[in-house]
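What follows is the residue order along each chain.
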Amino acid sequence: MTDPAARPSSPAPPSDFEPLAPPPGLRELFQGMLQVALSAFGGGLSAWSQRLVVERRRWLSEAQFLTGLTVARLLPGPNQINLAIYIGTGFRGLGGGLAALAGMLLVPFSLLLALGVAYFTFHALPAVDRVLAGVVAAAAGMALSMGFRVLGTYRHDPFALLLAAAVFAALTWGHLRLIPVILVAAPVGMAWYWPRAGARP
Amino acid sequence: MTPLLAAAGACGAASLTPVGTLAQVVGQFLSLSLFSLGGGNTLLAEYHHLAVDTYCWLSDAQFADLYALAEAAPGPSSMIVGLLGLGAGWPHGLGWALLTACGAEVAILVPSTLLMVAACLSWRRLENSPWRIAFERGLGPVTLGLLFAVGVKIVQTAARTPLAVLVSLLVCGLMLRTRWSPLLFLAAAGVLGSLGVIHR
């Protein structure tokens with residue numbers, strides 16, 4: 001399938017990106033993503049990526065960054081990790097994607113494993129357990145807020161709300177597993193939202 | 001078919017060799033990778049089902065603790081998968097635990113990473129395809145349903161007393177209404193816990 005016309009949002013330069021600064025090498029990709037990962041204590045990763053990639057290092061324009069975020073959110077996998085892969089792959093192919101991925105993961109993952117080892121060693125101590133009993137209640141609230149954050153987008157779309165409610169009910173009250181639920185619900189959603197001729201934005 | 005009975009009866013006795021555990025962990029996370037819609041947090045309820053109900057790698061309380069740990073630590077919170085692997089391998093000693101943790105993280109990332117690379121390299125063709133548009137619009141509502149199911153599941157797992165549920169609801173409201181750092185909520189609730197105000 002070919003584009004009928006190049007849209008203003010997606011110019012077709014010879015390389016994937018038209019860099020504002022010289023394109024980063026593998027080492028720079030690694031370091032840049034490492035810096036993002038370490039800045040984002042307790043969330044806000046995409047804001048930090050944007051600050052570094054667009055504003056400080058000027059690797060991507062705002063529009064290119066937003067396209068990347070769209071692709072990263074669209075595809076399965078953690079958004080921030082996908083975004084790192086998008087940036088790295090765009091500049092340096094598969095190797096660049098892996099360098100960016102390593103930068104995003106290596107240090108935070110090692111740190112998390114160290115925390116995990118400390119946890120499994122000490123969690124039986126009453127003092128530790130009491131602190132954690134409080135912390136998990138707050139963390140659960142964070143999990144609960146994720147759905148509400150997206151809910152507003154679908155306020156005026158009864159079908160979307162119905163589909164979401166069906167998925168929720170199947171998982172929560174029907175005790176069905178995630179994979180079969182997605183395999184049924186995704187084709188239903190895709191069929192409903194299939195772009196019709198003339199209705200394209 | 002009652003999940004409660006299955007949870008009580010299914011695991012516990014089944015102890016595997018270290019390699020068996022590693023294979024189990026890697027296999028499960030490999031097969032879930034491509035179903036991680038909406039950034040991966042949608043898989044949390046499924047992780048709970050695997051780690052607590054099906055394979056007994058962790059207790060309910062441990063799962064909740066590890067979720068909080070992954071949220072509080074820097075970096076993508078989807079790295080909780082590594083912690084689940086760590087828990088699964090823990091009975092086999094530190095070395096196996098670390099290896100299982102890395103195996104779990106690699107397994108959850110490899111399929112989605114390969115798909116992402118493929119999509120990046122062919123994005124200009126995919127961008128205007130009706131499949132892309134239908135996928136994006138159609139899976140949004142599915143993700144919405146999944147996120148609510150996850151939120152409810154995590155609250156059920158982590159908040160077992162009325163006061164703990166109240167704290168969860170309060171944090172949920174504050175997350176939506178303010179731009180305060182989530183670490184602030186975790187720290188404040190930790191203090192309440194250590195004072196014995198919130199307990200399990």
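Predicted model only: the values in this text are computed from it and were never measured. (Residues numbered from 1 in each chain as written. Chains lettered and ligands numbered in written order. Predicted model: local features only at pLDDT ≥ 70, side-chain atom pairs only at ≥ 80, totals over all residues.)

### Brief notes about the overall build of chain A
Okay, so step 1: Helix and strand content of chain A: seven helices and zero strands.
Okay, so step 2: Counting from the amino terminus, chain A carries its helices and strands in the arrangement α-α-α-α-α-α-α.
Okay, so step 3: Across the 201 residues in chain A, those meeting the buried criterion constitute 41%.
Okay, so step 4: Counting contacts in chain A only where the partners sit at least 6 residues apart, residues at least 24 apart contribute 47% of the total. (Helix = DSSP H or I, 4+ residues; strand = E, 2+ residues; numbered from the N terminus. Buried ≥ 20, exposed ≤ 12 C-beta atoms within 10 Å, placed from the backbone. Contact = placed C-beta atoms within 7 Å.)

### A closer look at unusual backbone geometry
Okay, so step 1: You will see that R58 of chain A, though not glycine, has its phi angle at about 55°, which is positive.
Okay, so step 2: Tracing the backbone through its elements, the reader meets R58 of chain A in the loop between α2 (45–56) and α3 (62–74).
Okay, so step 3: Looking at R58 of chain A, the number of C-beta atoms within 10 Å reads 13, which means it is partly exposed.
Okay, so step 4: The phi dihedral of C56 of chain B falls on the positive side, at around 55°, and the residue is not glycine.
Okay, so step 5: Note on placement: C56 of chain B falls in the loop between α3 (44–54) and α4 (60–72).
Okay, so step 6: Classification of C56 of chain B by C-beta neighbours within 10 Å gives partly exposed; the count is 16.

### Describing the interface of chain A and chain B
Accessible area lost upon the coming together of the parts serves often as the stated size of an interface.
Okay, so step 1: Contacts between the two partners involve 85 residues from chain A, matched on the other side by 99 residues from chain B.
Okay, so step 2: Of all the secondary structure elements, the ones that give two or more residues to the side of chain A that touches chain B are α1 (26–39), α3, α4 (79–122), α5 (126–151), α6 (158–172) and α7 (178–192) of chain A.
Okay, so step 3: Here the side of chain A that touches chain B takes 23 residues from α5 of chain A, the largest share from any one element.
Okay, so step 4: In terms of residue class, the side of chain A that touches chain B is made up of 62 nonpolar, 19 polar and four charged. (Nonpolar A, V, L, I, M, F, W, Y, C, P; charged D, E, K, R; others polar.)

### Some points on the packing of α6 of chain A against helix α8 (residues 130–158) of chain B
Okay, so step 1: Between α6 of chain A and α8 of chain B, whose axes approach to 7 Å, the crossing angle comes to 40°. Considered as vectors, α6 of chain A and α8 of chain B are oriented oblique to each other. When the axes of α6 of chain A and α8 of chain B are compared, the crossing they make is right-handed. On α8 of chain B, the residues that touch A160, L163, A164, A165, A166, V167, F168, L171 and T172 of chain A of α6 of chain A are G140, P141, V142, L144, G145, L146, F148, A149 and V152 of chain B.
Okay, so step 2: Of the residues assigned to the contact of α6 of chain A with α8 of chain B, the class counts are 15 nonpolar, three polar and no charged. (Axes fitted to C-alpha atoms, helices over the stretch in contact; angles between N-to-C directions. Parallel < 35°, antiparallel > 145°, perpendicular 65-115°, else oblique. Left-handed = near helix turned anticlockwise from the far one by under 90°.)

### A short note on α4 of chain B
Okay, so step 1: For α4 of chain B, spanning 13 residues, the distance from its first C-alpha to its last is 19 Å, which sits close to the expected 18 Å at 1.5 Å a residue.
Okay, so step 2: With respect to burial, α4 of chain B is a largely interior element, eleven of its 13 residues being buried.
Okay, so step 3: Looking only at α4 of chain B, the buried set comprises Q62, F63, A64, D65, L66, Y67, A68, L69, A70, E71 and A72 of chain B.
Okay, so step 4: Next to the buried residues of α4 of chain B lie α4 and α5 of chain A together with α3, α5 (80–89), α8 and α10 (182–194) of chain B. (Expected span 1.5 Å × (residues − 1).)

### What to know about the domain arrangement of chain B
All names here are of chain B.
Okay, so step 1: Domain boundaries assigned for chain B yield domain 1 (14–157) and domain 2 (159–200).
Okay, so step 2: Put simply, the middle of domain 1 and the middle of domain 2, counted by C-alpha atoms, are 25 Å apart.
Okay, so step 3: Among the elements that line the side of domain 1 that touches domain 2, the one with the most residues is α4, at four residues.
Okay, so step 4: Split by residue class, the side of domain 1 that touches domain 2 holds four nonpolar, no polar and one charged. (Domains from an automatic or database assignment.)

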